[in-house]
Amino acid sequence: MYFFRSIAVLSGKLAAKLSRLTGGRGSSLPGVVARRIYSRVLQELACQIKKEIIMVIGTNGKTTTNNMIAKIMQAGGHKVVFNEEGANLITGVTACLVRSASYTGVVESDYALLEVDEASFPKVIQEVQPQIVVITNFFRDQLDRYGELDKTVALIKNALHKLNDITLVLNADDPLVAQLGQSTKHKVIYYGVARQQNWERPAIQTRESRFCPFCGGELHYHYYHYSQLGDYNCLQCAFTRPELNLEAINIKTVNGYINADICYQENCYHLSLRAAGFYNLYNALAAFTIGCLMEMNDAIIKKGLDRYTPAIGRMEHFRYQDKLVLLNLVKNPTGYNEGLVTLLAMPGTKDVFMAVNDNDADGQDISWLWDVEFEILASLPEEAIKSFTCSGTRAAEIALRLKYAGIPINKITVIPDLEQAVPAVLHGKAKMTYLFTTYTALWSAQRILCELAKKEQFDADSMPSVS
Amino acid sequence: MLTVCHLYPDLLNLYGDRGNVIAFLQRCRWRNIPVQLLEVNLGETVDFNQVDFLFLGGGSDREQNLISDDLGQRKVFLHQAIEDGLIILAICGGYQLLGQYYRTLENEVIPGLGLLDYYTVASTKRFIGNVAIELNLDNQILKVTGFENHAGKTHLGNIEPLGNLLSGYGNNGKDGTEGARYKNVFCSYLHGPLLPKNSVFTDHLIKLALCRRNMNKELISLNDEFEKDAHKLMLSRLKLSGGD
C-alpha cells in the first residue's frame, strides 16, 4: 500500500511538473495520474490529516469561502492544505493532496480545506470523511451538466444522510440550504444576514425558489437580500428561516465594499471586507463561522480575512494606466446579477466587457444569459456606461442579449477574439473597466490583463473605510 | 394593443425561456406596435380572449406538479382559445403539458391537458445539445436554431411536427421530427431561447397576432445584424448551409 501510494504521489507530482513545462495549469492532472496508478491514493492521503477535514459546497462562493477559511486557519498558526484554484472535482481534490504530500506520500497538514463540486460530492465523501461541511447556497448553474437544481439538492441531501459525526455550517438565508439542517439531523450552525437599513440596490426579481421545500406552500419573505436569500417562513407548514448562530448586522456599503458587525454568542465584531460584492459578505460569514467553531479569537479571524486576496477572476483587481480594472468570473444568473449590482455600485464611468464561451466547462447551453437582469443597465444615465465589448465563442449572443435588454446597439461592439477584445476595452474612455467572463474565457482574459495591466495588491490605504 | 401573456413566470422559468417573451415584446416596441405584458401566476385569473400571444415555458418536476391543478382548471378556456386561433408558444415542459400524458421512468402516467395529440415517455438518456430544424411557415422555408435538454421522448399522434430535424435529437431521437404544430400553437424543445436569434420566426408570430386582430400586419424591417450573426454562427457550428 505504502509503495503504491508513494509511486502514485511521485507520478502525480511529475505530471504536474511536465504539465507546467508545457504551459498547462495542471490543477487536476496530478490527481488524474495519481488515481490511475493507485485508486486508494486520495483515501490514504486524506486520512493522514492530523485534525479536521472541512468541505465547502454550494453553487456560488466555494472558492472564495474556502480561501478565506484557509487564510483564517493560517493566521491561527495551523498548517493547511486546500484546493485554492478551485479545481473541485474528485481529480482536483486528489491533486491538491498529492501536491501537499511528501515524495514518500506523507501528509503533514493539520487541516484539509476542500471545496467540492456538488455533483462530485457523493463520490468524494466515499473516499474522504469530512468533519465539517459548509454549504453556501444553491442557484441554477450549468444546467446542461447537472440537470435541474432540485436534483442537485436531492443529491447533496442523500449524500449528507450517509455521513456520520459531522457539523453542518449552513446559510440560513437560503431555504434550499437551510432545509438540509432539518432533514438530515446533523449538528448545525447557521449563519445569515440581518435586514439592511437604508440600502439601495436595484430590484432584481429572478429567484430560484419561492416555495417551501417541505410542503410546496408559498414562502413569505420579510425581506430579501438577493435571489432567494432572505428571511422567510412558509405560509402552510412550520418551515421557517432557522435561528441564527452567527449574524451580520449594521451592513453598510462604500463604493461597493461591505462593512458589517458580526455577532456571535453575545459579542459583535466589526468587519471591513476587502472584497467587492455583497455576496462576499456571505462568503466571509461562512469563513468567520469556521473561525468561531475552531475557537479562534476575533482578532486572528479578522487578520486572516484581511490577508485574503481574490483568487483568479473573483473580483480580481488590476490597474491600467490610471484606471481600475476588475475581473469578475460569472457562471450563472445569480452570480451575474450580483456582478451587475457591484458594477453599478462602483463610482465613475465604466467600459464593460462581457465574454461568453460555451465550452464544456462553461456549459454548452448559454440560455441562462436570458435569466440575467441586464435590463438594469439600460435604466442608467446615458454616460454611466460608455461601451460594451462582447467577446468569446458566443460573442454575438451576449450582444443580442444586451440589445434586447434595451442597450443602444451603437454602444455594443462584437469582437469574438479575446486577444483583440481585452486591449480594445482597456483603451475605452471611461474611468474604470469592468470585465465579466465565463469560466474558460477567464484564463485567457487574465493572462492578457497580466501582460497589459498591473495586478493590484490590496493595501489598506486605498480601501474605503467606515468607522 | 397586443397582449402577451406569460403563464406562471415564477414557476415555469427554466433555461432562460423568458427570453421568448422579451423578444416578442421588444420587436413590437421597436416598431411602435402597442403591446403589454400580463404575468399570470397560480390562482390569478386571465381571459384568454384578451390575449394575443401566450407563452408557456418549462419547469422542474416539482414546479410542474405545483401548477398542474391550476392549469387543469384553465383547460376548457385554453381549448376554446386554441380553436379560436390564439398564438401560443410552448417550450419543453410547457410543450409536454399540452399533450396527452407523460409516462415516468417508474411507469407512472401523469395526465397532460390532453389538448394536443402527442404523448411523452421519460427516458434514462437525456437529449442535450445544439439543434437546428427546418420549418415551413406559409411556404417559406426557414432554418431555426436552439439548444435542447430533455429526458422525455415525445411521440406525435395526429398532429404535424413544428419542423424537420437538421441536427440534434428532436422529439424522440428517432423520427427526425421536432416539436408540434396545431393551428397557431407552436410547440418545441428548443431553448436558446428560441425567439431572440430566430427573428424571422418571431416576426411571423407577431404577424399572426396582428392579423388575428385585423391590424396592419406589414412589419417595418429592423436591423437584425446580431440576430443573424448568432443564428449563422450556430448553423456553421452544425455544418449546415446558411452559416458562414
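In this text, all values refer to a predicted model and were calculated from it rather than measured experimentally.

Before going further, it helps to spend a moment on the nonpolar core. With 150 residues, the main nonpolar core has Val134, Tyr336, Leu340, Met354 and Phe374 of chain A together with Leu98 and Phe201 of chain B as its most contacted residues. Ranked by residue count, the leading element in this core is helix 10 (residues 279-293) of chain A, at ten residues. Two domains each provide a minimum of three residues to this core, namely domain 1 (52-82 + 111-307) and domain 2 (314-455) of chain A. Once you skip the residues sitting within four places of it in the chain, leucine 340 of chain A turns out to touch Met354, Val372, Glu373, Phe374, Ile376, Leu377 and Phe436 of chain A. In this structure, Cys96, Val133, Phe138 and Leu176 of chain A belong to the second largest nonpolar core, which totals 53 residues.

A word on the packing of aromatic side chains. Each aromatic ring pair is summarised here by two numbers: the centre-to-centre distance and the angle between the ring planes. Residues and elements named next belong to chain A. The final tally for this structure, using the stated rule, is 24 aromatic pairs over all chains. Between tyrosine 226 and phenylalanine 278 the ring centres are 6.2 Å apart and the planes differ by 85°, which places this aromatic pair in the edge-to-face class. Taken together, the positions of tyrosine 226 in strand 7 (residues 219-226) and phenylalanine 278 in the loop between strand 11 (267-276) and helix 10 put the pair 52 residues apart, joining distant regions of the chain. Residue classification places phenylalanine 278 among the buried positions, given a relative accessible area of 5%. On the numbers, 6.1 Å between centres and 50° between planes, the contact of tyrosine 336 with tryptophan 368 is tilted. In this pair, tyrosine 336 is assigned in helix 12 (residues 333-345) and tryptophan 368 in the loop between strand 14 (350-355) and helix 13 (375-378), connecting sequence segments 32 residues apart. Residues tyrosine 336 and tryptophan 368 agree in their burial class; the two are buried. Members of the aromatic cluster, each reached through a chain of ring pairs, are Phe214, Tyr221, Tyr224, Tyr232 and Phe239. Seen from the ring of tyrosine 103, lysine 13 lies directly overhead, with NZ or CZ sitting 5.4 Å from the centre. Its guanidinium or amino end placed over the ring of phenylalanine 318, lysine 455 lies 5.8 Å from that ring's centre, counting from NZ or CZ.

Another aspect to go through is the sheet that holds strand 5 (residues 167-171) of chain A. Residues and elements named next belong to chain A. Judged by pairing direction, the sheet is mixed, and its nine strands sit side by side in the order 2-3-1-4-5-6-9-10-11 without closing on themselves. Since the sheet does not close on itself, it has two edges, and those belong to strand 2 (80-82) and strand 11, each with one partner. Strand after strand, the sheet turns through a mean of 20° between neighbouring axes, direction not considered. Looking at chain direction, strand 4 (residues 132-135) and strand 5 are connected through four bridges and run parallel. Bridge pairing links isoleucine 135 to leucine 170 in strand 5. Sheet strands touched by helix 4 (residues 62-75): strand 1 (52-57), strand 2, strand 3 (111-115) and strand 4. Its angle to strand 3, the strand with the most contacts, is close to 165°. Sheet strands touched by helix 10: strand 1, strand 4, strand 5, strand 6 (187-193), strand 9 (246-254), strand 10 (257-264) and strand 11. Its angle to strand 6, the strand with the most contacts, is close to 145°.

A few words now on helix 3 (residues 75-83) of chain B. All names here are of chain B. Among all positions of helix 3, only Leu78, Ala81 and Ile82 are buried. Buried residues along helix 3 cover an arc of 100° about the axis, so they all sit on one side. The exposed residues of helix 3 that point more than 90 degrees off its buried face are Val76 and Phe77. Residues of helix 3 that are buried sit in contact with strand 3 (53-56), strand 4 (87-91), helix 4 (93-98), strand 11 (180-182) and strand 12 (185-188). Within two residues after helix 3, glycine 85 carries a phi angle of roughly 90°, on the positive side.

Basis of the calculations
- Residues numbered from 1 in each chain as written.
- Chains lettered and ligands numbered in written order.
- Predicted model: local features only at pLDDT ≥ 70, side-chain atom pairs only at ≥ 80, totals over all residues.
- Heavy atoms only, no water.
- Core = buried A, V, L, I, M, F, W, Y, C linked by side-chain atoms within 4.5 Å.
- Buried < 20%, exposed > 50% of the residue type's maximum accessible area, 1.4 Å probe, protein only.
- Helix = DSSP H or I, 4+ residues; strand = E, 2+ residues; numbered from the N terminus.
- Domains from an automatic or database assignment.
- Contact = heavy atoms within 4.5 Å.
- Phe/Tyr/Trp six-rings, centres within 6.5 Å; stacked < 30°, edge-to-face > 60°.
- Lys NZ or Arg CZ within 6 Å of the ring centre and 35° of its normal.
- Pairing = 2+ DSSP bridges.
- Axes fitted to C-alpha atoms, helices over the stretch in contact; angles between N-to-C directions.
- Arc of directions from axis to C-beta.

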